[in-house]
Amino acid sequence: MANEVRLRYAPSPTGHLHIGGARTALFNYLYAKRHGGKFIVRVEDTDQTRNVENAAEKQMENLKWLGVQWDEGMDIGGPYAPYRQMERLDIYRKYIDQLLAEGKAYYCYATKEELDAEREEQIARGETPKISEKHRNVTPEQREQYEREGRVPSIHFRVPDDRVYVVNDLIRGEVTFESNGIGDFVICRPDGIPTYNFAVVIDDYLMKITHVVRGEEHLSNTPRQLMIYEAFGWEPPKFAHLALILNQDGKKMSKRDESIIQFIEQYRELGFLPEAIVNFLVLLGWSPGGEEEIFSMDDLIERFSLERVSKSPAVFDSTKMNWMNNHYLKNKPLEIIAEMCLPHLQKAGFVEEEPTPEKKEWVKEIVALYQEQMAYCAQIVPLAALFFLEDVVYDEEAKSVLLEPQVPDVLASFRKHVGALETYTPDTIKAALKEVQKETGQKGKALFMPIRVATTGQVHGRDLDRTLYLLGREKVLERAERVLTNREDVVR
Ligand code: GLU
């Protein structure tokens, strides 16, 4: 279709899907869908030293999980296949040959040692190192000589002199670059594999990409790419460079910083919801222009625009991510959240691999207690541990409650009334607690705290009747008994 909007996400398979990459993919996807266009995923794997096995497949799997679904890609094909650069080498070769034939690119026979030496000299002279241009004008005789020596050339692009290249960035406005500051750059390595800056242009052109939305770190590559478009006489796509994502200290997010969770896979493993992540990601740069913060993918497809993407950096705030996920978690059906929590409880050894239907139902009711308060499903493990562990762990605050003078009376009465119940349900438990109140004359905190602390080890918790019910009578009485008979030990 003529004039069809076509955008792509072009990951290099060097690792897991990062927050920044996921945001780039999402913005491309949203823009394409907003304009009734196509979204393509193309894998840029020509820098083989950096490739990690299966990284592309895993990244794509995580994108799909986020709901960022492509129309063309290496798994589903498409009219411009293949969508993996290492499978397109013969395509690039043809275009490289064309540039060589037209004198727009040339062979550079310098060895690594020579290049390193030249670079050091430049640095010693206080210059910004530029790639060697010594072989710009090698004569055919010199070439033959180098070939006889067995040197294998790389191919350099001949950067035009004295030119100004202007990137009309859709987010940042006009950004200009002087060609004289950009040295002839490598477009093909000695092993015959093209570099990113070359392959990206060929592919964006052949795949009819209309808009390139990518991270700011690529802005300085753009003039090089514009030169290649110019060399072929092709019209370049429109460009938009997304500002950096900073951590809360205002520094550029580093993939090595382990204090922030940065990979989509990790969020997935912790029990975050894809819709919460998408909602969080879109606000890293895009603003809806109002107070509203909660957006479904469909809302976003309707509203997203590059005009509302900021050129200032976004700050990654993990508290907000947790808040966002909590918002989505508590609005999901309990069944789904319980299913998501189950593997965490299994991994902690709290629930067997194949629980009975009764056990699953019980787990679900426990999850129901905490659904409101969890930021993500892995939190169910510490929150609900008291239901699964044999021994209660009393912290200092809990211990000080157990030292209060009314505790033995309250617990003895509790043991008596709960022990005497014919059926054990939240309602009968409530009634039993009323009896304890009457019998001991204690009420409010003085009544409930000793019971809560003795049976759960915690001073804070969820609804007491339901907690006691889900703990089961046996456990509750056992724990009360232990405090009654061994108070000294327990609080030591
Ligand atoms: N392969 C590049 C990267 O992973 C993508 C660059 C682009 O979008 O042009 O950073």
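Think of each chain on its own: its residues are numbered from 1, step by step along the sequence as written. Only residues with pLDDT of at least 70 are given local features in this predicted model, and only at 80 or more are side-chain atom pairs given and counted; all residues enter the totals for whole chains, interfaces and linings. Hydrogens and water molecules were not included; the side-chain quantities draw on all heavy atoms of the structure.

J.: Provide a residue-level description of the overall build of the chain, including the pertinent values.
T.: Within the chain one finds 20 helices and 11 strands. Radius of gyration means the value over C-alpha atoms here, while the globule rule gives 2.2 Å times the residue count to the 0.38 power. Taken over the C-alpha trace, the chain has a radius of gyration of 32 Å; the compact-globule value for 492 residues is 23 Å, which it surpasses by more than 25%. The contact criterion used throughout is that any non-hydrogen atoms of two residues lie within 4.5 Å. For the chain, the share of sequence-separated contacts (at least 6 apart) that also reach a separation of at least 24 residues comes to 75%. Within the structure as shown, the chain displays about 24100 Å² of accessible surface, and the carbon and sulfur contribution to it stands at 49%. In this tally, Asp and Glu contribute negative charge and Lys and Arg positive charge; neither His nor the terminal groups of the chain are included. For the purpose of locating charges, the reference atoms are NZ of Lys, CZ of Arg, CG of Asp and CD of Glu. Side chains of the chain give 64 positive and 80 negative charges; the mean places of these two sets differ by 2 Å. By the criteria applied, helices consist of DSSP H or I runs no shorter than four residues and strands consist of E runs no shorter than two, each listed in order from the N terminus. Using a 1.4 Å probe, the Shrake-Rupley method yields the accessible areas, and only the shown protein chains count as cover for residues.

J.: Give a description of the site of the ligand that names residues and reports values.
T.: Only a single heavy atom is needed: when it lies within 4 Å of a molecule or strand, its residue is near that molecule or strand. Every residue near the ligand is listed here: R8, A10, P11, S12, E44, Y196, V200, R214 and H218. We call two N or O atoms a polar contact when they sit within 3.5 Å, provided that within protein one can donate a hydrogen and the other can accept it, with sequence-adjacent residues counted only if both atoms are side-chain atoms. The contact in question runs from an oxygen atom of the ligand to an N or O atom on the side chain of Y196, over 2.7 Å. Residue R214 places a side-chain N or O atom 2.8 Å away from an oxygen atom belonging to the ligand. For the ligand, the protein covers 80% of the area, taking 290 Å² as the surface of the free molecule.

J.: Tell me what's going on with the pairing of strand β5 (residues 164-169), and back it up with residues and numbers.
T.: Residues in a regular strand project their side chains so that they alternate between the two faces of the sheet. Alternating residues of β5 divide into Y165, V167 and D169, all buried, and V164, V166 and N168, none buried. Here, strands pair whenever DSSP counts at least two bridges between them. Relative to strand β6 (residues 173-178), β5 runs antiparallel, the two being bridged by 6 bridges. Residue Y165 lies in a different strand from β6, and its bridge partner there is F177. Between β5 and β6, which pair antiparallel and follow one another directly, the connecting turn spans 3 residues. For the exposure calls, accessible area comes from a 1.4 Å probe over protein chains only, and a residue counts as buried if that area is under 20% of its type's maximum, exposed if over 50%, partly exposed in between.

J.: How would you explain the packing of aromatic side chains if you had to name every residue and give the values?
T.: For Phe, Tyr and Trp, rings pair up if their centres lie within 6.5 Å, where Trp contributes its six-membered ring, and each pair is then called stacked (planes under 30 degrees apart), edge-to-face (over 60) or tilted (otherwise). All chains considered together, the criterion is met by 18 aromatic pairs. Arranged with centres 5.5 Å apart and planes meeting at 90°, the rings of Y95 and F232 form a pair that is edge-to-face. Taken together, the residues Y95 in helix α3 (residues 89-101) and F232 in helix α7 (residues 222-232) connect sequence positions 137 residues apart. Seen in terms of ring centroids, Y95 and W234 are 5.5 Å apart; in terms of plane orientation they differ by 75°. Their pairing is edge-to-face. Within this pair, whereas Y95 is found in helix α3, its partner W234 is found in the loop between α7 and β9 (238-242), the two being separated by 139 residues in sequence.

Geometric values such as these leave the question of function open.
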